[in-house]
Amino acid sequence: MSTIVTRFAPSPTGYLHIGGARTAIFNWLLARHLGGKFLLRIEDTDLVRSNADMTQSILDAMEWLGLSHDGEITYQSKRFDIYNEYIDKLLASGNAYWCSCTPEEVEAMREEARAKGLKPKYSGRCREAGLGPGPGRVVRLKAPVTGATVVDDMVKGSVSVDNAELDDMVLRRTDGSPTYNLAVVVDDATMGVTHIIRGDDHLNNTPRQILIYKALGFPLPKFGHVPMILGPDKKKLSKRHGATAVMEYETEGFLPEAMLNGLVRLGWASGDQEIFSREELVRLFSTENLGSSAAVFDKAKLLWLNAHYIKESPASRLAVLVNAFLERKGYPPQDLEYLAKVVPLLQPRAQTVAEMAEKTECFVTRTDDLVYDMAAVKKFFTDEVRGHLEAVRGILEGLAAFDQASMEQAVHAYIEEKGIKFKLLAQPVRVAITGGTASPGLFETMEVMGRRRVLARIDRALAL
Ligand code: GLU
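This structure is a prediction, so every number in the text was calculated from the model and none was measured. (Residues numbered from 1 in each chain as written. Predicted model: local features only at pLDDT ≥ 70, side-chain atom pairs only at ≥ 80, totals over all residues. Heavy atoms only, no water.)

1. Things to note about empty space enclosed by the protein
Short version of the rule: Buriedness of a pocket was judged along seven lines, with at least five required to meet protein on both sides within 12 Å; pockets are open sets of points on a 1 Å grid over the protein atoms alone, cavities are sets where a 1.4 Å probe fits but cannot get out, and lining residues have an atom within 4 Å of a point. Grid points are joined across faces, edges and corners, and a volume is the space filled by probe spheres set on the points. Runs of E in the DSSP output that reach at least two residues are strands. Runs of H or I that reach at least four are helices, and both are numbered from the N terminus. By the convention adopted, Pro, Cys, Tyr, Trp, Phe, Met, Ile, Leu, Val and Ala count as nonpolar, Lys, Arg, Asp and Glu as charged, and the other residues, Gly among them, as polar.
One pass over the structure, following the stated rule, counts 1 cavity of 30 Å³ or more. Here the largest cavity defines a volume of roughly 50 Å³. Along its surface, the largest cavity is lined by Val392, Val411, Phe422, Leu425, Ala426, Val429, Leu442, Phe443 and Met446. Among the secondary structure elements, those contributing two or more residues to the lining of the largest cavity are helix H17 (422-434) and helix H18 (442-449). Ranked by residue count, the leading element in the lining of the largest cavity is H17, at 4 residues. Here the residues of the lining of the largest cavity are counted per class, giving 9 nonpolar, no polar and no charged.

Have a look at this one:
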């Protein structure tokens, strides 16, 4: 079996968004599953709308998702000579011709066709005129006028278009630049691409591209057009539904494996399994399981996946990520070993790394900078409680070992002796050491914070 070659071909006119990332993932998985190659091509022929920063941001997003490409990146903007070489071949073989019709004339032909209730298209006036190059002239494909072009699609099945409906499309513009369809075909063919998975917004282009393949005598790749992605309201996914750029999810604290898992499920399934490791996806992926109906993007499900992967992650890895989030908030770099002790307290309930970082703040902030929830201070720090807090502080200071079990035992001995309920003490102590009323288990939290910090905070709280 010859090796398969897939590709991802983004236009760097915007960030890598959910739909583009899903296309990249499918092509990457197909190549990895079959031991083929996954190529990357930057479609930057639109020199005005493309920019290098966008290209870089797309590369960053792909790296974050772990979608490694093979070989060098191809840039369309550097391949104009190659496109022109192939246009010349088409002219020489009689599969293309020069056309001198002006845009206004072409528009008039379209109008005329429309008026007759026909598909608007170029009339073919210059097809047999035998024109040569000249100012204001374009090169058009001499497309077949009878028969049909069939896309044998891996997702949609067989899609047939009457050739009579297809234009003699422009291949080279008056300024000498190649058109999009010509460039894509020349690239895919010369890069040896065998399988193309892309959004079905490109399905219209495919019959046209097939005509160019045929005119150039290139073998056809296999196409698979995946349906678009919808928001929960079943309308096309857009900004209205929230973040659409992949890296916005990184900023929100999603893990790349959750993103990969969530995106791959938008149009691909393997039974009713929801959670897939990267290795499992590579092993299981097949185009046969690509769905033909539109997939719905569901943020709640993505959060659920993220919570799962957070639970599964080693604390040391999350500590590094939490540290990065804290740095973005202006904190100095933290002791990663300390963070790795905080992380397990937050892992069971966290949905995002951003949320973990937020809950880590009270662990890392300087005691003097700890912000107290003053309503809670007022509510819980009664004179009676202050007395108990002072006593508990003394007990904690005197403990031989500052661990959960010792603290728990000592504090319970104290409340029994005083005949008070644990409840009377638990919230005030929590407020004293964290500033607020919500935290992981009290004794675990104190053990992780360490004696020095805990005592200093009780002191500060008592002085409020
Ligand atoms: N550059 C096109 C896009 O970003 C993709 C073209 C293709 O996959 O053939 O939509």
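2. Topic: the sheet that holds strand S4 (residues 96-99)
Put simply, the test is: We call two strands paired when DSSP finds no fewer than two bridges between them. Axis definition: a line fitted to C-alpha atoms, over the contacting stretch in the case of helices. Angles run 0 to 180 degrees between N-to-C directions.
The strand order across the open sheet built from 3 strands is S4-S5-S8, with neighbouring strands paired in antiparallel fashion. Here the strands that pair on one side only, and so sit at the sheet edges, are S4 and strand S8 (170-172). Taking each pair of neighbouring strands and ignoring which way they run, the sheet shows an average axis angle of 45 degrees. With 4 bridges joining them, S4 and strand S5 (residues 138-141) adopt antiparallel strand pairing. When the sheet's bridge partners are listed, Trp98 is paired in S5 with Val139.

3. A word on the sheet that holds strand S1 (residues 5-8)
Threshold: Pairs of residues are marked as contacts when any of their non-hydrogen atoms sit within 4.5 Å.
A sheet is described by the order of its strands in space; here 3 strands give the open sequence S1-S2-S3, paired in parallel fashion. The two strands at the open ends of the sheet, each matched to only one other strand, are S1 and strand S3 (74-75). Where strand S2 (residues 37-42) meets S3, 2 bridges bridge the pair, whose relative direction is parallel. Within S3, the residue paired with Ile42 across the bridge is Tyr75. Strands S1, S2 and S3 of the sheet are contacted by helix H2 (residues 52-65), whose axis makes an angle of about 155 degrees with S2.

4. Description of the nonpolar core
Let me state the cut-off plainly: For our purposes a nonpolar core is just a set of buried Ala, Val, Leu, Ile, Met, Phe, Trp, Tyr and Cys residues, chained together by side-chain atoms within 4.5 Å. Buried residues are those whose accessible area, probed at 1.4 Å on protein chains only, stays under 20% of the maximum for their type, while exposed residues exceed 50% and partly exposed ones sit between those limits.
Within the largest apolar cluster, 59 residues are counted, with the highest numbers of intra-cluster contacts made by Phe363, Leu396 and Met446. Once residues within four sequence positions are removed from consideration, Met446 is found in contact with Leu396, Phe402, Met407, Val429, Ile433 and Val454.

5. Topic: helix H15 (residues 383-398)
As a reminder, the rule being used: By definition here, a helix of n residues has an expected span of 1.5 Å times n minus one. Within this analysis, the arc is defined by the directions that extend from the helix axis to the C-beta atoms.
With 16 residues, H15 should cover 22 Å at 1.5 Å per step; its first-to-last C-alpha distance of 23 Å lies within 8% of that length. Buried within H15 we find Val385, His388, Leu389, Val392, Arg393 and Leu396. End-on, the buried residues of H15 take up no more than an arc of 150 degrees, which puts them together on one face. Residues of H15 that are exposed and point over 90 degrees away from its buried face: Asp383, Glu390 and Gly398.

6. Topic: the site of the ligand
As a reminder of what qualifies: When at least one non-hydrogen atom of a residue lies within 4 Å of a molecule or strand, that residue is treated as near it. Polar contact criterion, stated in full: a pair of N or O atoms within 3.5 Å, where within protein one must be able to donate a hydrogen and the other to accept it, and residues adjacent in sequence count only if both atoms are side-chain atoms. Using a 1.4 Å probe, the Shrake-Rupley method yields the accessible areas, and only the shown protein chains count as cover for residues.
The environment of the ligand is formed by Arg7, Ala9, Pro10, Ser11, Glu43, Tyr180, Arg198 and His202. The separation between a nitrogen atom of the ligand and a polar side-chain atom of Ser11 is 2.9 Å. Within the contact set of the ligand, an oxygen atom lies 2.9 Å away from a side-chain nitrogen or oxygen of His202. The protein chains hide 80% of the 300 Å² of surface that the ligand would expose on its own.

7. Quick word on the pattern of salt bridges
Condition: Criterion for a salt bridge: a side-chain nitrogen of Lys or Arg within 4 Å of a carboxyl oxygen of Asp or Glu.
The final tally for this structure, using the stated rule, is 31 salt bridges. Across the pair Glu250 and Arg328 runs a salt bridge whose closest N-O atoms are separated by 2.8 Å. Of this pair, Glu250 sits in helix H7 (residues 246-251) while Arg328 sits in helix H11 (residues 315-328), and the two are 78 residues apart along the sequence. Several salt bridges converge on common partners, so that one network encompasses Arg7, Arg41, Glu43, Arg79, Asp187 and Asp188.

8. A look at the environment of Gln273
Its location among the elements puts Gln273 in the loop between helix H8 (256-264) and helix H9 (278-284). If near-sequence neighbours (up to four positions away) are discounted, Gln273 is found in contact with Arg265, Glu280 and Leu284. Within the structure, Gln273 has its side chain in polar contact with the backbone oxygen of Ile275 (distance 2.9 Å).

9. Observations regarding helix H3 (residues 80-92)
Here H3 spans 18 Å end to end across 13 residues, near enough to the 18 Å set by a 1.5 Å rise per residue. Where H3 is concerned, the buried positions are Tyr83, Asn84, Tyr86, Ile87 and Leu90. Viewed end-on, H3 has its buried residues packed into an arc of 160 degrees, placing them on one side of the element. Among the exposed residues of H3, those oriented more than 90 degrees off its buried face are Asp81 and Ala92. Of the surrounding secondary structure, the elements contacted by the buried residues of H3 are S4, S5, S8, helix H5 (180-190) and helix H6 (205-216). Positive phi shows up at Gly94, right after H3, with a value of about 80 degrees.

10. Some thoughts on the layout of surface pockets
One number sums up the size of the largest pocket: a volume of about 800 Å³. What lines the largest pocket is a set of 31 residues, among which His17, Gly19, Gly20, Asp201 and His202 lie closest to the centre. Listed by contribution, the elements that provide at least two residues to the lining of the largest pocket are S1, helix H1 (18-33), H5 and strand S9 (195-199). Considering each element in turn, the lining of the largest pocket owes the most residues, 5 residues, to H1. Its residues assigned to classes, the lining of the largest pocket shows 14 nonpolar, 10 polar and 7 charged. Space inside the second largest pocket adds up to approximately 440 Å³.

11. Looking at the packing of aromatic side chains
The condition is simple: Each pair of aromatic rings taken from Phe, Tyr and Trp, with Trp reduced to its six-membered ring, is defined by centres within 6.5 Å and is described as stacked if the planes are under 30 degrees apart, edge-to-face if over 60, and tilted in the remaining cases. Consider the ring centre and the ring normal. A charge sits over the ring if Lys NZ or Arg CZ is within 6 Å of that centre and within 35 degrees of that normal.
Tallied over the entire structure, the rule returns 9 aromatic pairs. Ring geometry for Phe80 against Tyr83: centres 6.2 Å apart, planes inclined by 55 degrees, an arrangement best described as tilted. Within this pair, Phe80 and its partner Tyr83 are both found in helix H3, separated by 3 residues, close to a single helical turn. Between Tyr86 and Phe218 the ring centres are 5.7 Å apart and the planes differ by 50 degrees, which places this aromatic pair in the tilted class. In this pair, Tyr86 sits in helix H3 while Phe218 sits in the loop between H6 and strand S10 (222-226), placing the two residues 132 residues apart along the sequence. Residue classification places Tyr86 among the buried positions, given a relative accessible area of 12%. A relative accessible area of 19% places Phe218 in the buried class. Put simply, the rings of Phe26, Trp268, Phe276 and Phe285 pair up and form one aromatic cluster. Sitting above the plane of the Tyr122 ring, Arg140 keeps its charged end 3.7 Å from the centroid.

Functional significance is not addressed by these values, which are geometric in nature.
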